[in-house]
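A structural walkthrough
In case you want the letters, here they are:
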2 protein chains.
Amino acid sequence: MTLKRISKALGVSITTVSKVLNNYPDVSDNTRQRILDYVKEIGFTPNTVAASLRTKESKIVGLILPNVNHYFFNNILQGVLNSAEKAGYLVIVLTSNESYDLEKKHVEHLLNQKVDGIFISLSEETYNTQHLGSIIDSNVVLIQYDKISKLINSSKVVIDDREAANLATQHLIDRGKRRIVHLRGPLMPQVAIDRFLGYKSALEVAGIPFDQSLVVTCPHGDDEEGFDQLKSLHENNIFFDGVFAHADLVAVGALRYLKRKKIKIPQEVAVIGFSNWMLSEKITPSLSTIDQPGIIMGEQIFEQFARERLQKVSGNTVQYQTKIIPTNLVVRESS
Amino acid sequence: MTLKRISKALGVSITTVSKVLNNYPDVSDNTRQRILDYVKEIGFTPNTVAASLRTKESKIVGLILPNVNHYFFNNILQGVLNSAEKAGYLVIVLTSNESYDLEKKHVEHLLNQKVDGIFISLSEETYNTQHLGSIIDSNVVLIQYDKISKLINSSKVVIDDREAANLATQHLIDRGKRRIVHLRGPLMPQVAIDRFLGYKSALEVAGIPFDQSLVVTCPHGDDEEGFDQLKSLHENNIFFDGVFAHADLVAVGALRYLKRKKIKIPQEVAVIGFSNWMLSEKITPSLSTIDQPGIIMGEQIFEQFARERLQKVSGNTVQYQTKIIPTNLVVRESS
DNA sequence: TTGTAGGCGTTATCAG
DNA sequence: CTGATAACGCCTACAA
């Protein structure tokens, strides 16, 4: 079914049908009603593809996630989907699997597909950002979230990782801990750096000397790493009474080691994670952590997009904004 | 950048450029190379929207999930994304939130968008299936997965819930348990019914009398329900030595109750869940469960689509297939 | 108030 | 081997 067929069936022009469907005022009530009735009767809805070829507006956005098997990114997805649905937008979802090549390929694909916006959290491999430049050149709205490049001019939605890590470390210090291990993320991405800096600054404020031997990396963020790293510290007789892990799963591994060694949690060693995965409240002892409100972030990502898009089509100058989403300390049994 | 601009820049026709880009053989090597070089130089890629208006092939599929905050559906998503990426397809993701109205709206939206295929797991509210009929009428490939309607003629990808539940119950029986509680899902959807039937048939085969008082529903599938239902059975002095929960999270709640009451797991009561969530191996005691291979299912969903799509465009008659994905019993500490 | 005509960027047919 | 031409379905200045 097309406008053409409808116009033939009713003996009016294609234009008139189109006008009615797009709520143009210059159609007589009589004709309008006739068309509306017929359209409803046959259940017609216009071909979005043709419309977007013409109008250069697809009502589709692309969301690139580093992966989908992560609680935090699920929530981001959920939040974006919520808001997009309300605004009548469709969302194309892609995962970069932390690969720069894939990420770049996805961006190109989305650009060919003429999406109205692209939301991206950079892969851990991404240092070259010219694919982000090409988004901007294509006049497509770019929103960076979570792992962002500060050098690229766009709206951003992030959490204050440094502040959050500071909060977590501060909490352990408040519990009387002074030898706090930091199981940190990989060396490069900004989030891992920021969390490390937050950790360091909390120590500094509390007048606790920084000890490099207490900081070890857990690049994959899984529980094996947490287990192994804590084990090796322990076996090397490095004393510690607190653990701040860059991810809940890593903290779970740490807890597992402590339990195996019958080390009392939190009396002897207190543990705090990062992200507030669903599992962190289900385990024993339940895990203290930093709650990253992923759903809210996802919603904010879309809101930013909608705002910018509006500015763009109404010819106003586009205002980039950086939204910093507050995190919460969640205290449970492990600290 | 468009074909037109390229053709002008090189002094050839639009047609020729298009032919080169689509690997038509009837272009001289010389011209072909010239065009290829230029296209690469300026980094041109054709506008997919225009192409799909013309070819009636969008290279986009729609995936409707009941929700994204469920480990199983995440894996489905992951699997579909994997296969779609390889085949050069884009995936629009939507969640029905178990709402029939939303589901129907999403289907219409996808149809207007002229997607090549729609993959759907029915919401719990869905009994009317005429929106599925309209997918078929639109000549769009429909693949049903997980929660399906048997009445609708389409390819299907499911797990054998009945067999899986039978396996789980059988396992508890093998462990010497005879009074096995079934924490079942809501009354209506087929999956919950099938799991219940599997439970029942395992008892029957083992010659254990079925006791209705051991079967209670946990409609939301969260851990509170598991906890509460087990508590109420226990407090009503209903004896049991095994628990088969319809979801891992429910089983987690059950474990929590047993631990609180210092009931020995698995000696006094053995527990098995369903789905193999990530958390089920992280908790103590780790949870025995049925592994639903979501990623494989997702990949199969896309493969089915690709197969059917090929049959359709090559003019062959379409063969509907039902793929039953085998599940695995995962034995851990709780049983 | 209604309709004509041109074009969005691509692909497919067919003639040269 | 190359290119002119029409068409996909819709929107929108502009003319009637």
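Everything in this summary refers to the structure shown in the same document. Fair warning: this is a prediction, and the values are worked out from it, not measured in the lab.

1. Things to note about unusual backbone geometry
- Across the junction of A:Ile265 and A:Pro266, the peptide omega takes the value 5°, indicating a cis bond.
- Its place among the elements puts A:Pro266 in the loop between helix H11 (248–260) and strand S9 (270–272).
- The linkage connecting B:Thr284 with the following residue, B:Pro285, adopts the cis geometry, with an omega of -10°.
- Structurally, B:Pro285 can be placed in the loop between strand S9 (270–272) and strand S10 (289–291).
- The phi angle at A:Ser275 is positive, at roughly 125°, despite the residue not being glycine.
- Within the element layout of this structure, A:Ser275 appears in the loop between S9 and strand S10 (289–291).

2. Here we look at the nonpolar core
- One finds A:Val91, A:Phe119, A:Ala254, B:Val91, B:Phe119 and B:Ala254 to be the most contacted residues of the largest nonpolar core, which totals 166 residues.
- If we ignore the near neighbours within four places in the chain, the residues touching A:Ala254 are A:Leu183, A:Gly226, A:Phe227, A:Leu230, A:Val243, A:Ala245 and A:Val271.

3. With respect to the relation of the copies chain B and chain A
- Once chain B is rotated about the relating axis by 179° and shifted along it by 0.2 Å, it coincides with chain A to within an RMSD of 0.4 Å. Such a combination of rotation and displacement between the chain copies is what one expects of a two-fold axis. Among all residues of chain B, the one whose C-alpha sits closest to the rotation axis is B:Ile92, at a distance of 2.2 Å.
- When the interface residues of chain B are mapped onto chain A, 100% of them again lie at the interface, so the same face is used by both copies.

4. Remarks on the protein's contact with DNA strand D
- Residues in close proximity to DNA strand D total 27 residues, the closest being A:Thr2, A:Leu3, A:Asn47, A:Ala50 and B:Ser13.
- Taken together, the elements giving at least two residues each to the surface near DNA strand D come down to helix H1 (3–10), helix H2 (14–21) and helix H4 (48–55) of chain A together with helix H2 (14–21) and helix H4 (48–55) of chain B.
- Across the surface near DNA strand D, the residue classes tally to 11 nonpolar, 11 polar and 5 charged.

5. So, the protein's contact with DNA strand C
- For DNA strand C, the set of nearby residues contains 26 residues, the closest of which are A:Thr15, B:Thr2, B:Leu3, B:Asn47 and B:Ala50.
- Counting only elements with at least two residues in the surface near DNA strand C, the list comes to H2 and H4 of chain A together with helix H1 (3–10), H2 and H4 of chain B.
- Here the surface near DNA strand C takes 5 residues from H4(B), the largest share from any one element.
- Considering only residue class, the surface near DNA strand C consists of 11 nonpolar, 11 polar and 4 charged.

6. Looking at the pairing of strand S1 (residues 60–65) of chain B
All names here are of chain B.
- Of all 6 residues in S1, 6 are buried; the element is thus mostly enclosed.
- Inspection of the sheet shows S1 paired to strand S2 (residues 90–95) by 6 bridges, in the parallel sense. Bridge pairing in S2 places Ile60 opposite Leu90.
- Read as a crossover between parallel neighbours, the route from S1 over helix H5 (residues 71–86) to S2 is right-handed.
- Pairing of S1 with strand S3 (residues 117–120), which is carried by 4 bridges, proceeds in the parallel orientation. Across the sheet, Val61 pairs through a bridge with Gly117, a residue of S3.

7. A word on the interface of chain B and chain A
- Facing the 32 residues of chain B at the interface are 32 residues of chain A.
- Sorting the residues of the side of chain B that touches chain A by element identifies H4, H5, S2 and helix H6 (100–112) of chain B as the ones contributing at least two each.
- Here the residues of the side of chain B that touches chain A sort into 15 nonpolar, 13 polar and 4 charged.

Scoring rules and cut-offs
- Residues numbered from 1 in each chain as written.
- Chains lettered and ligands numbered in written order.
- Predicted model: local features only at pLDDT ≥ 70, side-chain atom pairs only at ≥ 80, totals over all residues.
- Helix = DSSP H or I, 4+ residues; strand = E, 2+ residues; numbered from the N terminus.
- Core = buried A, V, L, I, M, F, W, Y, C linked by C-beta atoms within 7 Å.
- Buried ≥ 20, exposed ≤ 12 C-beta atoms within 10 Å, placed from the backbone.
- Contact = placed C-beta atoms within 7 Å.
- Least-squares fit on C-alpha atoms with pLDDT ≥ 70 in both.
- Near = placed C-beta within 6 Å.
- Nonpolar A, V, L, I, M, F, W, Y, C, P; charged D, E, K, R; others polar.
- Pairing = 2+ DSSP bridges.
- Right-handed = clockwise from strand over helix to strand, strands pointing away.

Read these as layout, nothing more, since geometry by itself doesn't imply function.
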